[in-house]
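# Fold and geometry: a report
So the chains spell out like this:
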Amino acid sequence: MIITTVTFTGADDNTDIAEMITLSKRFPMIEWGILLSEKASGSPRYPSKDWIEGLQKSFQVLQEEAGYFVAQEMFRLSAHLCGKTMRNFMSSMRDEVENGEWVTNHGLDERHFNYMFRRAQANFNAKREGFTEEFIADVIEAWRESMDGEIITQHNDNNADAWKATQSMIGGNHTRKDHHILIDASGGKGKSPEAWSKPISGMFTGYAGGLGPENLVTQLDAINAQVGDGFTWIDMEGSLRDADDNFSLSRVEEVMKIIETEGPKRGWI
């Protein structure tokens with residue numbers, strides 16, 4: 001398999017943005033997953049509006065120095081939309097109304113969100129939210145028409161039909177490069193499965209669930225056995241917190257060194 005991206009999720013107000021950029025320059029595979037939640041904003045894992053504004057300013061400086069496309073490659077960001085932010089996003093996309101609350105409450109507007117975040121992950125539980133396959137399909141189609149990046153949905157028992165929404169729009173005979181699937185059987189609880197699933201056919205598929213420095217070699221070997229010759233990405237969150245529940249950039253560095261050292265030998269990169 002070829003790991004194209006390693007997403008580290010949970011940077012917050014205690015995380016040094018300059019150090020994030022330094023790590024991104026050292027390890028180009030890094031993507032920073034930024035959790036956006038209106039209710040939890042400013043708490044561990046969920047950065048405040050002020051921190052997001054600082055992130056935007058740092059990205060603008062990179063853009064001015066290196067150009068837009070180089071900045072996007074140099075400092076890769078994904079937005080993970082949670083709770084009310086996710087619901088406002090879904091309804092805004094689906095209803096095609098001018099409702100920018102899902103970004104303005106985080107110090108952004110849709111234009112700046114669009115150029116700063118390469119990907120957006122809608123963290124929903126379709127069964128609990130009552131999202132039908134048709135509703136999800138409409139959201140993904142609206143995203144394709146109005147935004148530049150890719151949208152990610154999680155694949156687990158509660159979201160089993162999310163990827164089918166995309167396939168239904170295109171007849172199942174083609175691939176949709178703007179809809180990515182993250183297989184996370186634990187639904188964000190940070191638990192690795194007894195056995196990893198194969199990628200969703202025709203979809204760029206990533207893996208999450210209990211990954212961290214302590215088990216990375218074993219788990220990536222297991223994922224490799226399922227992915228084979230394909231491309232994938234991995235995402236981790238809980239294992240990056242230290243004893244004080246701070247996002248640990250040293251653990252990020254540890255993960256990347258493992259991938260850099262073991263990847264070529266084990267066929268991950």
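See the structure above.
Thresholds, definitions, all that
- Residues numbered from 1 in each chain as written.
- Predicted model: local features only at pLDDT ≥ 70, side-chain atom pairs only at ≥ 80, totals over all residues.
- Heavy atoms only, no water.
- Buried < 20%, exposed > 50% of the residue type's maximum accessible area, 1.4 Å probe, protein only.
- Helix = DSSP H or I, 4+ residues; strand = E, 2+ residues; numbered from the N terminus.
- Pairing = 2+ DSSP bridges.
- Right-handed = clockwise from strand over helix to strand, strands pointing away.
- Phe/Tyr/Trp six-rings, centres within 6.5 Å; stacked < 30°, edge-to-face > 60°.
- Lys NZ or Arg CZ within 6 Å of the ring centre and 35° of its normal.

## A few points about the pairing of strand E7 (residues 204-208)
- Among the five residues of E7, four are classified as buried, and the element is accordingly described as predominantly covered.
- In this sheet, E7 lies alongside strand E6 (residues 179-183) in parallel orientation, the contact comprising four bridges. Across the sheet, residue Ile-183 finds its bridge partner in E7, namely Tyr-207.
- Two strands pair when backbone bridges link them, and E7 and strand E8 (residues 231-236) are joined in this way by three bridges, in the parallel orientation. Its bridge partner being in E8, Ala-208 is matched across the sheet by Asp-235.
- Since E7 and E8 lie parallel, the crossover through helix H10 (residues 216-227) that links them has a hand, and here it is right-handed.

## Re the packing of aromatic side chains
- Tallied over the full model, the rule gives 13 aromatic pairs.
- Their ring planes at 70° and their centres at 4.9 Å tell us that Phe-89 and Trp-102 sit as a pair that is edge-to-face. Of this pair, Phe-89 sits in helix H4 (residues 83-95) while Trp-102 sits in helix H5 (residues 101-104), and the two are 13 residues apart along the sequence. For the residue pair Phe-89 and Trp-102, the accessibility class agrees, reading buried in each case.
- Seen in terms of ring centroids, Trp-102 and Phe-113 are 4.9 Å apart; in terms of plane orientation they differ by 75°. Their pairing is edge-to-face. On the criterion of sequence distance, the pair formed by Trp-102 in helix H5 and Phe-113 in helix H6 (residues 110-116) is long-range, its members being 11 residues apart.
- Under the relative-accessibility criterion, Phe-113 is labelled buried at 1%.
- The ring of Trp-233 has Arg-119 sitting right over it, with the charged end atom 4.2 Å from the ring centre.

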